[in-house]
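In case you want the letters, here they are:
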Amino acid sequence: MIYELRTYEAMPGKLPALNRRFAEITMGYFKKHGLNPVGFWTEDVGTNNTLVYMLSFENAADRDRAWSAFRADEERAKLFAETEQEGPLVARITNRLLRATDYSPMQ
């Protein structure tokens, strides 16, 4: 099992719109394309424009296949474009691929 930790730095004032897009659009396409969310978080202290989430995959090939299908989905791309008619929602995305240690409760 591998995990992908992704951090989205929202454009100023756009975190509510980004959260809405995840809740109303992205989650359905994650399910459709086999992207398995572990959890989503925002910050209570510090910069309040960040969305952090984690996905799980059986292996790297599973991850590559799921992301490729998600990115190639024209209907999803159209809906995302509609959410950005007043400008982009995300300033920067960073991600890390993580593999659990053998003593981690989360394998």
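Residues numbered from 1 in each chain as written. Predicted model: local features only at pLDDT ≥ 70, side-chain atom pairs only at ≥ 80, totals over all residues. Heavy atoms only, no water.

1. Regarding the overall build of the protein chain
In terms of regular secondary structure, the protein chain is built from 3 helices and 4 strands. Along the protein chain, from the amino end to the carboxyl end, the secondary structure elements read β-α-β-β-α-α-β. A globule of 107 residues ought to have a C-alpha radius of gyration of about 13 Å, and the protein chain, at 15 Å, matches this closely. Counting only C-alpha atoms, the protein chain reaches 45 × 35 × 20 Å along its principal axes. (Helix = DSSP H or I, 4+ residues; strand = E, 2+ residues; numbered from the N terminus. Rg over C-alpha atoms; globule rule 2.2 N^0.38 Å.)

2. Considering the pattern of salt bridges
Applying the stated rule across the entire model yields 8 salt bridges. Asp73 serves as the salt-bridge partner of Lys32, at 2.9 Å between the closest nitrogen and oxygen. Of this pair, Lys32 sits in helix 1 (residues 15-33) while Asp73 sits in the loop between helix 2 (60-72) and helix 3 (74-83), and the two are 41 residues apart along the sequence. Under the relative-accessibility criterion, Lys32 is labelled exposed at 53%. Between Glu82 and Lys78 there is a salt bridge; the shortest N-O distance is 4.0 Å. With a gap of 4 residues between them, Glu82 and Lys78 both fall in helix 3, about one helical turn apart. We classify Glu82 as partly exposed; its relative accessible area is 39%. Given the relative accessible area of 56%, Lys78 is considered exposed. Look at the salt bridges and you will find they share partners, linking Glu4, Arg6, Arg63 and Asp64 into a network. (Salt bridge = Lys/Arg side-chain N within 4 Å of Asp/Glu carboxyl O. Buried < 20%, exposed > 50% of the residue type's maximum accessible area, 1.4 Å probe, protein only.)

3. What to know about the sheet that holds strand 2 (residues 36-42)
Pairing is antiparallel across the open sheet formed by 4 strands, whose spatial order is 2-3-1-4. The sheet terminates laterally at strand 2 and strand 4 (90-99), the two strands that pair on one side only. Ignoring which end each strand starts from, the neighbouring axes of this sheet average 15° apart. As paired elements, strand 1 (residues 2-10) and strand 4 share 9 bridges and run antiparallel to each other. (Pairing = 2+ DSSP bridges. Axes fitted to C-alpha atoms, helices over the stretch in contact; angles between N-to-C directions.)

4. Brief notes about the packing of aromatic side chains
Aromatic rings considered in pairs are described by the distance between their centres and by the relative angle of their planes. Throughout the structure, instances matching the rule amount to 11 aromatic pairs. Ring centres of Tyr8 and Tyr53 lie 5.4 Å apart, and the angle between their planes is 50°; this geometry places the pair in the tilted category. Residue Tyr8 is located in strand 1, and its partner Tyr53 is located in strand 3 (residues 50-57); the two are separated by 45 residues in the primary sequence. For Tyr8, a relative accessible area of 8% puts it in the buried group. (Phe/Tyr/Trp six-rings, centres within 6.5 Å; stacked < 30°, edge-to-face > 60°.)

5. Let's talk about the environment of Pro37
Summarising the element assignment, Pro37 is placed in strand 2. Excluding residues that lie within four positions of it along the chain, Pro37 makes contacts with Met27, Phe30, Met54 and Leu55. (Contact = heavy atoms within 4.5 Å.)

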